[in-house]
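Here are the chains, one letter per residue:
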Amino acid sequence: MDVRSFRGANIDSDHYLVLSRVRSRISNMRKDKGVRINKRFNSDRLKDPDIASLYINKLDECLKSPELEPNTPSTVEESWAQLSFKIKETADQILGRQDNRSNNQDDWFDDDCRAVTDEKTGNTETCIVENLRGQPERNIGRPGKLKRSYIERRKETVSTIRWKSWSTLEQGMISDYSMEK
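Residues numbered from 1 in each chain as written. Predicted model: local features only at pLDDT ≥ 70, side-chain atom pairs only at ≥ 80, totals over all residues. Heavy atoms only, no water.

Caption draft 1: Geometry of the overall build of the protein chain. Of regular secondary structure, the protein chain possesses four helices and two strands. Going from N to C terminus, the protein chain has its helices and strands arranged as β-β-α-α-α-α. The buried share of the protein chain, reckoned over its 181 residues, is 15%. A separation threshold of at least 6 residues defines the contact pool for the protein chain, and within that pool the share at least 24 residues apart is 68%. Accessible surface, the protein chain as shown: approximately 15400 Å² in total, 52% of it carbon and sulfur. (Helix = DSSP H or I, 4+ residues; strand = E, 2+ residues; numbered from the N terminus. Buried < 20%, exposed > 50% of the residue type's maximum accessible area, 1.4 Å probe, protein only. Contact = heavy atoms within 4.5 Å. Areas by Shrake-Rupley, 256 points an atom, 1.4 Å probe, with all protein chains shown as cover.)

Shown next as structure tokens:
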């Protein structure tokens, strides 16, 4: 077992980062090492009327194909499998897949957020250096000026980032609502 503590890691906490490497054997079950793809389709593209009509027309063509005729003897499961495959194939061709990132920071993480985060990071590094130079055992139980400054910067960073992300989300919801009307 290998355990190390990293005093200089900025993990947004007053604790030190501790990494450990443990070797364990749980089971011998083999895992699939196939390529993992995002299963979500890019449904935002359906907002464009041209793409929406193209998708509808292509789906109509696929559903009217002779492979899905009700005269062929099959079970409900086989019919559903064929129908599901056609719908997914058409959506994949026309809409494509979504980007793997669940929350796109490019929309809201701007220069203000970056400046506040950099200031907090600099404050964190200063706290660590002063803690190494000084005598931390004297300051147990009573945070010093640097520690209070770090806590204030951390609160400011969190509130700024939350406000930016929520305001961007709110603006997106308002624009979606206005497009529906």
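Caption draft 2: Layout of the side chain of Thr-157. With respect to the secondary-structure elements, Thr-157 resides in helix H4 (residues 145–180). Side-chain polar atoms of Thr-157 contact the backbone oxygen of Arg-153, separated by 2.7 Å. If sequence neighbours within four positions are ignored, Thr-157 has contacts with Val-116, Thr-117 and Lys-120. (Polar contact = N/O pair within 3.5 Å; in protein donor to acceptor, adjacent residues only side chain to side chain.)

Caption draft 3: Representation of the nonpolar core. Membership of the largest hydrophobic core is limited to six residues, which are Ile-51, Tyr-55, Leu-59, Ala-91, Ile-94 and Leu-95. With near-sequence residues (within four places) excluded, Ala-91 lies in contact with Phe-41, Tyr-55 and Gly-96. (Core = buried A, V, L, I, M, F, W, Y, C linked by side-chain atoms within 4.5 Å.)

Caption draft 4: Geometry of a nonpolar patch on the surface. A cluster of nonpolar side chains, namely Met-1, Val-3, Val-18 and Val-22, defines an oily patch on the protein surface of about 440 Å² accessible area. Relative to the helices and strands, Val-18 is located in strand E2 (residues 17–21). (Patch = residues over 30% accessible without salt bridge, like charges linked within 9 Å, V, L, I, M, F, W, Y side chains within 5 Å. Salt bridge = Lys/Arg side-chain N within 4 Å of Asp/Glu carboxyl O.)

Caption draft 5: Up close: the pattern of salt bridges. Under the defined criterion, the tally for this structure stands at seven salt bridges. Salt-bridge contacts for Arg-114 lead to Asp-111; the nearest nitrogen and oxygen are separated by 3.8 Å. Linking Arg-114 with Asp-111, this pair stays in helix H3 (residues 111–133), spanning three residues, or about one helical turn. With a closest N to O distance of 2.8 Å, Arg-153 and Glu-119 form a salt bridge. Of this pair, Arg-153 sits in helix H4 while Glu-119 sits in helix H3, placing them 34 residues apart in sequence. By sharing partners, the salt bridges in this structure join Asp-110, Asp-112 and Lys-164 into a single network.

Caption draft 6: The arrangement of the packing of helix H1 (residues 49–63) against helix H2 (residues 76–94) in detail. Where H1 contacts H2, the two axes come as close as 10 Å, and the packing angle between them is 150 degrees. When the interaxial angle is binned, H1 and H2 end up roughly antiparallel. The handedness of the crossing between H1 and H2 comes out as right-handed. Contacts between H1 and H2 pair Ile-51, Leu-54, Tyr-55, Lys-58, Leu-59, Cys-62 and Leu-63 from the former with Leu-83, Lys-86, Ile-87, Thr-90, Ala-91, Gln-93 and Ile-94 from the latter. Residues belonging to the contact of H1 with H2 are distributed by class as follows: ten nonpolar, two polar and two charged. (Axes fitted to C-alpha atoms, helices over the stretch in contact; angles between N-to-C directions. Parallel < 35°, antiparallel > 145°, perpendicular 65-115°, else oblique. Left-handed = near helix turned anticlockwise from the far one by under 90°. Nonpolar A, V, L, I, M, F, W, Y, C, P; charged D, E, K, R; others polar.)

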